[in-house]
Amino acid sequence: MNLFYAKGTISIAPAIALIEAGLDHDLSRLDFDEAAQTKPEYLAINPKGRVPALVLADGTVLTETGALLDYIAALAPDAGLVPDAAADAAHMRAVMYYLASTMHVAHAHKMRGARWADKAESHADMTAKVPQTMAACAAYVEAECIRGDYVCGDGFTVADAYLFVVCNWLAGDGVSVADYPKITAFMERMEARDSVKAVRAKGML
């Protein structure tokens with residue numbers, strides 16, 4: 001497998017999951033500063049021009065963070081990356097869907113305003129709103145998403161990789177993580193994991 005990623009983006013979540021799952025993989029870094037995701041070579045892999053993309057040995061290409069995380073967990077069932085209890089697994093996925101549909105979108109308004117509006121003043125207004133919307137997201141995560149040490153209690157799941165990367169954006173979005181004790185403890189716990197240490201050592205975050 002070959003994971004296409006860009007530094008600091010949500011594509012680091014499946015990179016963490018691959019390590020947690022103990023799966024052999026290669027990494028291909030895209031330089032967003034050079035708009036590598038918009039070049040024909042990458043668009044031939046992922047026409048959406050976004051990361052992550054996971055290319056399988058047979059050439060199949062998988063995209064979308066949540067889908068990749070579920071796929072990785074399915075390949076390594078013994079790693080226990082999805083809870084056994086159906087309700088817990090549903091909570092895990094609910095958190096991932098919230099991150100994808102709401103928190104990631106709120107973050108993207110800071111630098112991707114052109115996706116939603118054309119006028120510069122509209123982009124500036126969206127950027128100005130980001131600290132408020134991301135703080136609201138953080139408050140929801142604090143109250144509803146973290147159920148113990150991790151998203152689903154005591155055990156690490158793929159949702160934790162997802163949440164960790166998104167919460168890494170909070171400070172840059174003008175949100176004080178210290179205001180959220182559960183998130184603060186969660187982030188410290190994640191930083192202590194070998195998988196996170198490994199991606200940091202590779203300069204991926």
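Just so it is clear, the model here is predicted, and its values are computed rather than measured.

Undergrad: So, the overall build of the protein: which residues are in play, and what are the values?
TA: Helices and strands together make up the secondary structure of the protein, namely eight helices and four strands. Its helices and strands taken in sequence order, the protein reads β-α-β-α-β-β-α-α-α-α-α-α from the N to the C terminus. Taking 17 Å as the expected radius of gyration for a compact globule of 205 residues, we find that the protein reaches 17 Å, a close match to that expectation. Overall, the protein is about 50 × 45 × 30 Å in size when its C-alpha atoms are taken along their principal axes. Classification of the 205 residues of the protein by burial places 44% in the buried group. Looking at the protein alone, contacts between residues at least 24 apart form 64% of all its contacts between residues at least 6 apart. Carbon and sulfur atoms make up 52% of the accessible area of the protein, which amounts to about 9,800 Å² in all. Distance from the positive charge centre (18 side chains) to the negative charge centre (26 side chains) of the protein: 5 Å.

Undergrad: Could you give an account of the environment of Ala 136, naming the residues involved and the relevant values?
TA: If you trace the backbone, Ala 136 turns up in helix H5 (residues 120-145). A relative accessible area of 47% means that Ala 136 is categorised as partly exposed. Separated by 39 residues in the primary sequence, Ala 136 and Val 175 place their C-alpha atoms 9.6 Å from one another.

Undergrad: Could you give an account of the state of the cysteines, with specific residues and numbers?
TA: Inspection of the entire model under this criterion finds zero disulfides. A disulfide-free cysteine, Cys 137 has its sulfur positioned 9.5 Å from the sulfur of Cys 145, the nearest such atom. Free of any disulfide, Cys 145 has its nearest neighbouring cysteine sulfur in Cys 167, separated by 8.7 Å. Looking at Cys 145, the relative accessible area reads 1%, which means it is buried.

Undergrad: Describe the packing of aromatic side chains, with residues and values.
TA: The tally for this structure, following the rule as stated, stands at four aromatic pairs. Note on Phe 4 and Tyr 42: the rings are 5.6 Å apart at their centroids and 50° apart in plane angle, and the pair reads as tilted. A residue pair is termed long-range when its members are at least 10 positions apart, and Phe 4 in strand S1 (residues 2-5) and Tyr 42 in helix H2 (residues 40-43) qualify at 38 residues. Under the relative-accessibility criterion, Tyr 42 is labelled buried at 3%. Taking the centre distance of 6.4 Å and the plane angle of 85° together, the rings of Tyr 150 and Phe 186 count as edge-to-face. With Tyr 150 in the loop between H5 and helix H6 (158-167) and Phe 186 in helix H7 (residues 181-191), this residue pair connects regions lying 36 residues apart in the sequence. Accessibility expressed as a relative area gives 0% for Phe 186, which makes it buried. Members of the aromatic cluster, each reached through a chain of ring pairs, are Tyr 150, Phe 156 and Phe 186.

Undergrad: Tell me about the sheet that holds strand S2 (residues 26-29), and name the residues and values.
TA: Taken in spatial order, the four strands make up an open sheet running S2-S1-S3-S4, and their pairing is mixed. At either end of the open sheet lies a strand with only one pairing partner, and these are S2 and strand S4 (61-63). Put simply, the sheet's adjacent strands are angled 20° from each other on average, direction ignored. Direction of pairing for S1 relative to S2: parallel, over a ladder of four bridges. Counterpart to Leu 3 in the pairing with S2 is Leu 27. Those strands touched by helix H3 (residues 65-75) are S1, strand S3 (53-55) and S4, and its axis lies near 120° from that of S4.

Reading the values: rules and limits
- Residues numbered from 1 in each chain as written.
- Predicted model: local features only at pLDDT ≥ 70, side-chain atom pairs only at ≥ 80, totals over all residues.
- Heavy atoms only, no water.
- Helix = DSSP H or I, 4+ residues; strand = E, 2+ residues; numbered from the N terminus.
- Rg over C-alpha atoms; globule rule 2.2 N^0.38 Å.
- Buried < 20%, exposed > 50% of the residue type's maximum accessible area, 1.4 Å probe, protein only.
- Contact = heavy atoms within 4.5 Å.
- Areas by Shrake-Rupley, 256 points an atom, 1.4 Å probe, with all protein chains shown as cover.
- Lys, Arg positive; Asp, Glu negative; His and termini not counted.
- Charge placed at Lys NZ, Arg CZ, Asp CG, Glu CD.
- Disulfide = S-S within 2.5 Å.
- Phe/Tyr/Trp six-rings, centres within 6.5 Å; stacked < 30°, edge-to-face > 60°.
- Pairing = 2+ DSSP bridges.
- Axes fitted to C-alpha atoms, helices over the stretch in contact; angles between N-to-C directions.

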